[in-house]
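Structural overview for review
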Amino acid sequence: IERGIPLLGICRGVQEMNVLFGGTLHREVHAVEGRLEHREVKEVPDEVAYGPMHKVSLSENGVLHKLLGEREITVNSLHGQGIDRLGEGLQVEAVAEDGQIEALSVIGAKGFAVGVQWHPEFHKPGANTVDDTAILQDFMAAARAARVQPAPGISPLHIRDRAARLLRQALLRR
């Protein structure tokens, strides 16, 4: 982050970003009074497990609001842990309807430094979840600008699809 190398934290990645900056986590979000069930739905088709789960409100004029052009989006939800106290030097980018922090960014970062609790790589065109392509494209543009480039012929959609395939395989092995 200090060197300006782009960072996109996804799911546990956003949690690790928060802890790195001195924040804390709820170990079991579902056990926190008033919180929704954020964990993965088991034993259902992938389209359901990785499909729309809840709405999040994006912080006005935040990084994600500027990228997506929306104030409220619908996301998937596959996490048991979640952010409790936000770390210093971070700002909230999105909050679930139950008050759970769902996204953050690093204040004053030299490069792209955003974390999201949902899985943008699981978005399917036509699904009822937010189209996260703009997030992935901005991250890739930041990587190109930082000269941290993917292999020739690799686009954000290729990376998203490959990451989704690998993550699904890992999740199905659990």
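Keep in mind the model is a prediction, meaning the values are calculated, not measured.

Turning to unusual backbone geometry, a few remarks are in order. The phi dihedral of Cys11 is positive, around 55°, even though this residue is not glycine. With respect to the helices and strands, Cys11 occurs in the loop between strand 1 (7–10) and helix 1 (12–20). If you check the backbone angles, Asn61 has positive phi at about 65° while not being a glycine. As for its placement among the helices and strands, Asn61 is situated in the loop between strand 3 (54–58) and helix 3 (63–68). Its relative accessible area of 51% is what places Asn61 among the exposed residues.

Turning next to the nonpolar core. As a rule of thumb, nonpolar side chains are buried together in soluble globular proteins. Core analysis: the biggest nonpolar cluster contains 18 residues, and Val56, Leu58, Leu64, Ile73, Trp118 and Ile135 have the highest contact counts within it. Those elements that place two or more of their residues in this core are strand 3, helix 3, strand 4 (72–75), strand 6 (90–96), strand 8 (113–116) and helix 4 (133–145). The residues touching Ile73, leaving out its near neighbours within four places in the chain, are His54, Lys55, Val56, Leu58, Leu68, Trp118 and Val130. In terms of nonpolar packing, the next biggest core, distinct from the first, is built from eight residues, Ile83, Leu90, Ile101 and Ala113 among them.

Definitions and limits used
- Residues numbered from 1 in each chain as written.
- Predicted model: local features only at pLDDT ≥ 70, side-chain atom pairs only at ≥ 80, totals over all residues.
- Heavy atoms only, no water.
- Helix = DSSP H or I, 4+ residues; strand = E, 2+ residues; numbered from the N terminus.
- Buried < 20%, exposed > 50% of the residue type's maximum accessible area, 1.4 Å probe, protein only.
- Core = buried A, V, L, I, M, F, W, Y, C linked by side-chain atoms within 4.5 Å.
- Contact = heavy atoms within 4.5 Å.

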